[in-house]
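Below are the chains, spelled out letter by letter.
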Amino acid sequence: MTRRRRVPAMAPEDRRAALIEATIPLLRAHGTAVSTRQIAEAAGVAEGTIFGVFPDKATLLRAALMSVFDARPAEDALTAIGTTSDLRVRLREAVALLRAGMTANANLFTAPRELMAEDTEFRERLMDHRARITAALAALVEPDRDRLRRSPMATAHLLIMLVTVSVHRGFGLSADFGDMDDEETVSVLLDGLLLPSARTPTTESVR
């Protein structure tokens, strides 16, 4: 008979952190349908151990969601891109980071409505997450402010909108919308939809 390896004893806060860490990938894969049995198996503990730290499953899922929507890791990753490379290079790196995060968390966008419809703290966390990511993107754009017709903050909002639409296809988009890779997303933001061969000088540029 094979016995499950016992996890070493932990302090309550360490156990809490370990359970949250084990829950996040399961929440991403299964949404709120994930069971406490699945979480316990992933964490290597007995199912009853969960309820020694969290009063119920909903509280654990809420804690996991609060951790997922902590802006610091994404904010730090965007800041690490720096502002010395070409604007398009910077934005392509930023789009890749945003796309990876949104794709990983695709199943979590309905979870807040199910778990936290009246949770003011969580709504504030989501708003803070969005604001900090937008500000980090704006900082990437700032050195090129004079080259753009919109402010760095407005440019950041537009970029987030483009990435969101390309990742989350539940906006009534038809199949012919196709996929937008990182390079095309940046090109649509900076160049618009006209192909280079279709662009004609404006009256102002001719003058």
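What counts as what
- Residues numbered from 1 in each chain as written.
- Predicted model: local features only at pLDDT ≥ 70, side-chain atom pairs only at ≥ 80, totals over all residues.
- Heavy atoms only, no water.
- Helix = DSSP H or I, 4+ residues; strand = E, 2+ residues; numbered from the N terminus.
- Core = buried A, V, L, I, M, F, W, Y, C linked by side-chain atoms within 4.5 Å.
- Buried < 20%, exposed > 50% of the residue type's maximum accessible area, 1.4 Å probe, protein only.
- Contact = heavy atoms within 4.5 Å.
- Expected span 1.5 Å × (residues − 1).
- Polar contact = N/O pair within 3.5 Å; in protein donor to acceptor, adjacent residues only side chain to side chain.
- Axes fitted to C-alpha atoms, helices over the stretch in contact; angles between N-to-C directions.
- Parallel < 35°, antiparallel > 145°, perpendicular 65-115°, else oblique.
- Left-handed = near helix turned anticlockwise from the far one by under 90°.
- Nonpolar A, V, L, I, M, F, W, Y, C, P; charged D, E, K, R; others polar.
- 1 Å grid on protein atoms, 1.4 Å probe; cavity = no way out; pocket = protein on both sides within 12 Å on 5 of 7 lines; lining within 4 Å.
- Points joined across faces, edges and corners; volume = space filled by probe spheres on them.

**Describing the overall build of the protein**
For the protein, the count of helices and strands is eleven helices and zero strands. The N-to-C order of helical and strand elements in the protein reads α-α-α-α-α-α-α-α-α-α-α.

**Some words on the nonpolar core**
Residues L19, I20, L27, I39 and L60 are the most contacted members of the largest nonpolar core, which totals 23 residues. Counting only elements with at least two residues in this core, the list comes to α1 (12–30), α2 (36–43) and α4 (57–68). With seven residues, the top contributor of residues to this core is α4. Once residues lying within four places of it in the same chain are set aside, the contact partners of I20 are F54, L60, A63, A64 and S67. Judged by nonpolar contacts, the second largest core, of 21 residues, contains L137, L140, A156 and V167.

**Some details on helix α6 (residues 87–104)**
When the terminal C-alpha atoms of α6 are compared, their 26 Å separation across 18 residues agrees well with the 26 Å that a helix rising 1.5 Å per residue should span. The elements touched by buried residues of α6 are α5 (72–81), α8 (120–141), α9 (152–167) and α10 (182–191). The backbone nitrogen of R88 has a side-chain oxygen 2.9 Å away, supplied by the residue at the start of α6, namely D86.

**As for the packing of α6 against α8**
Viewed as axis vectors pointing N to C, α6 and α8 meet at an angle of 160°, and their least axial separation amounts to 10 Å. One element, α6, and the other, α8, form an angle in the roughly antiparallel class. Every pair of crossing elements has a handedness; the one defined by α6 and α8 is right-handed. On the side of α6, the interface is formed by L87, R90, L91, A94 and L98, while α8 contributes I133, L137, L140 and V141. When the residues that make up the contact of α6 with α8 are grouped by side-chain class, the tally is eight nonpolar, no polar and one charged.

**Looking at the environment of T36**
With respect to the secondary-structure elements, T36 resides in helix α2. In this structure, the C-alpha to C-alpha distance between T36 and I50, residues 14 residues apart in sequence, is 7.6 Å. The contact partners of T36, leaving out residues within four places of it in the chain, are E47, I50, F51 and K57. A polar contact of 2.4 Å, which involves the side chain of T36, links it to the side chain of E47.

**What to know about the environment of S187**
With respect to the element layout, S187 can be found in helix α10. Take S187: its relative accessible area is 24%, and that puts it in the partly exposed class. For the pair S187 and R92, spaced 95 residues apart in the sequence, the C-alpha separation amounts to 9.4 Å. Among residues more than four places away in sequence, those in contact with S187 are R88 and G192.

**Some details on the layout of surface pockets**
Estimates place the volume of the second largest pocket at around 590 Å³. For the lining of the second largest pocket, the secondary-structure elements that each account for two or more residues are α6, α9 and α10. It is α10 that contributes the most residues to the lining of the second largest pocket, four residues altogether. A breakdown of the residues in the lining of the second largest pocket according to their chemical character gives nine nonpolar, two polar and six charged.

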